[in-house]
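# Coordinate inspection notes
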Amino acid sequence: MEKAIGVIDSGVGGLTVAHELMRQLPKEKLIYLGDTLRCPYGPRPREEVRNFTWEMVEFLLEKDIKMLVVACNTATAFALEELQQTLSIPVIGVIQPGARAAIKFTQNNHIGVIGTEGTIRSDAYTNALKRINATIHVNALACPLFVPLVEEGILNGDQAEQVVEEMLHPMKESNHIDTLILGCTHYPLLRETIQTVIGDHVTIISSSEETAREASTILEFHNLLLKSDEIPQHQFYTTGKLDIFSQIAEDIFSEPVNNFKTVTIEKAVIC
Ligand code: DGL
């Protein structure tokens, strides 16, 4: 049987990456796991995020995946290196691709990064950006209220705009950036609202396109791309409630999505 690409996130955010993988690699089968029950990861200590991430990874390894995409910035910041060193399959995260894309777009070398408290505290974006170009100015800001909004499906309208306005206020004040990295895979779901608040002069970067490109390059390099012409049957797992998860998935994919299941990942039992 042909193997799948495993995709993990703390909840629904990684579906934005899954969608781009499906667009760029239409023959590939995905197995997605969102740890919605324990979302958000952003405010949790590093050790806890590492443990939760490993539990997700172990669930997917039992499904014999051929590659792992860590579609969560917080998990990428805290666990990517260790996963890459330990697993025998290729593993990619979302921070390096996002940093690369932002460097391509900035004209004035002032880049903003918004993410969870954990991602911003880790300095993972600042380090990734400065590794590519040491003269880049980085304005990093944690936006802890965005993930709960997205997980509740509040993506636009007055309430969303008010929260986004409040969170982005310090970044708007400084008024230098011409490029803004959405350093959390949940944030592309608020993209329109963020663009309205931050203004049209700022280019918004979400790492999903660049991450999917990297996945494609790596699969090709390792000769792991699927050859078959069958329509892939993706599988979606959540540790939380199915209704909001499947609703948000359908909004992102703009089509009905099947094959959703709730799982308990500590025991990897399908309920
Ligand atoms: N979507 C995740 C990220 O990219 C995590 C959000 C959270 O669980 O706090 O960081």
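Everything here concerns the structure above.
Because the structure is predicted, anything quoted here is derived from the model rather than measured. Counting restarts for each chain: residues are numbered from 1 in the order of the written sequence. In view of the model being predicted, local features appear only for residues whose pLDDT reaches at least 70, and side-chain atom pairs are presented and counted only at 80 or more, with totals across whole chains, interfaces and linings using the full set of residues. Neither water nor hydrogens contribute to the side-chain values; these are computed over all heavy atoms in the structure.

Below, the discussion takes up the overall build of the protein. Numbering of helices and strands runs from the N terminus, with a helix taken as a DSSP run of H or I at least four residues long and a strand as a DSSP run of E at least two residues long. On a plain count of helices and strands, the protein comes out with eleven helices and eleven strands. A compact globule built from 271 residues should have a C-alpha radius of gyration of about 18 Å, and the protein, at 18 Å, falls within 12% of that. Counting only C-alpha atoms, the protein reaches 55 × 40 × 35 Å along its principal axes. Areas reported as accessible are Shrake-Rupley estimates using a 1.4 Å probe. Residue values count occlusion only from the protein chains shown. For the protein, the accessible surface area stands at approximately 12300 Å², while carbon and sulfur atoms represent 49% of it. Residues scored as charged are limited to Lys and Arg (positive) and Asp and Glu (negative), so that His and the chain ends carry no count. To locate a charge, the coordinates of NZ of Lys, CZ of Arg, CG of Asp or CD of Glu are taken. Charged side chains of the protein number 22 positive and 36 negative; the gap between the two group centres comes to 6 Å. A radius of gyration in this sense is built from C-alpha atoms; the matching globule rule multiplies 2.2 Å by the number of residues raised to 0.38.

Counting buried positions along strand S2 (residues 30–34) yields five of five residues, so the element is predominantly enclosed. Think of it in three bands: with a 1.4 Å probe and only protein chains considered, a residue is buried below 20% of the maximum accessible area for its type, exposed above 50%, and partly exposed in between. Both faces of S2 are covered, namely the face carrying Leu30, Tyr32 and Gly34 and the face carrying Ile31 and Leu33. As paired elements, strand S1 (residues 5–9) and S2 share five bridges and run parallel to each other. In the strand pairing of S2, Asp9 is matched with Gly34. With helix H1 (residues 15–24) bridging S1 and the parallel S2, this β-α-β connection has right-handed handedness. Note on pairing: DSSP must find at least two bridges between two strands before they are called paired. Two strands pair when backbone bridges link them, and S2 and strand S9 (residues 235–238) are joined in this way by four bridges, in the parallel orientation. The residue of S9 that forms the bridge with Ile31 is Gln235. Here, the term right-handed applies to a crossover whose path from the first strand over the helix to the second runs clockwise when the strands point away from the viewer.

Before going further, it helps to examine unusual backbone geometry. That bond from Cys39 to Pro40 is cis: its omega, 5 degrees, falls within 30 degrees of zero. Within the secondary structure, Pro40 is located in the loop between S2 and helix H2 (46–61). The phi torsion at Asp64 lies on the positive side, around 60 degrees, for a residue other than glycine. As for its placement among the helices and strands, Asp64 is situated in the loop between H2 and strand S3 (67–70). With a phi angle near 55 degrees, Asn223 is a residue other than glycine that sits in the positive phi range. Tracing the sequence through the fold places Asn223 in the loop between helix H10 (208–221) and S9.

Surrounding the ligand, one finds 14 residues, the nearest of these being Ser10, Tyr41, Asn73, Thr74 and His186. Any pair of N or O atoms that falls within 3.5 Å is considered a polar contact. Within protein, one atom must be able to donate a hydrogen and the other to accept it, and sequence-neighbouring residues count only if both atoms are side-chain atoms. One of the side-chain N or O atoms of Asp9 is found 3.0 Å from a nitrogen atom in the ligand. Here the ligand, which alone exposes 300 Å², has 99% of that area covered by the protein. Of the residues contributing to the shell around the ligand, the split by class is six nonpolar, seven polar and one charged. Throughout this document, a residue counts as near a molecule or strand when at least one of its heavy atoms sits within 4 Å of that molecule or strand. Throughout, the ten residues Ala, Val, Leu, Ile, Met, Phe, Trp, Tyr, Cys and Pro are labelled nonpolar, Asp, Glu, Lys and Arg are labelled charged, and all others, Gly among them, are labelled polar.

Summarising the element assignment, Leu155 is placed in the loop between helix H7 (146–151) and helix H8 (158–174). In this structure the C-alpha to C-alpha distance between Leu155 and Glu192, which are 37 residues apart in sequence, comes to 8.6 Å. Working rule for contacts: check all heavy atoms of both residues, and any pair within 4.5 Å makes them a contact. Excluding residues within four positions of it along the chain, Leu155 makes contact with Val150, Ala160, Leu189, Leu190 and Thr193.

The next point concerns the nonpolar core. Residues grouped as a nonpolar core are buried Ala, Val, Leu, Ile, Met, Phe, Trp, Tyr and Cys residues, joined through side-chain atoms within 4.5 Å. Counting 54 residues, the largest nonpolar core has Ile114, Phe146, Leu168 and Ile194 as its most contacted members. Element by element, the count of residues in this core is highest for H8, at six residues. Ranked by size, the runner-up nonpolar core spans 42 residues in total, among them Ala102, Val113, Ile181 and Ile265.

Another point: the side chain of Thr76. With respect to the helices and strands, Thr76 occurs in helix H3 (residues 73–86). Thr76 sits in the buried class, given a relative accessible area of 7%. A distance of 3.3 Å separates the side chain of Thr76 from the backbone oxygen of Val70, its partner in a polar contact.

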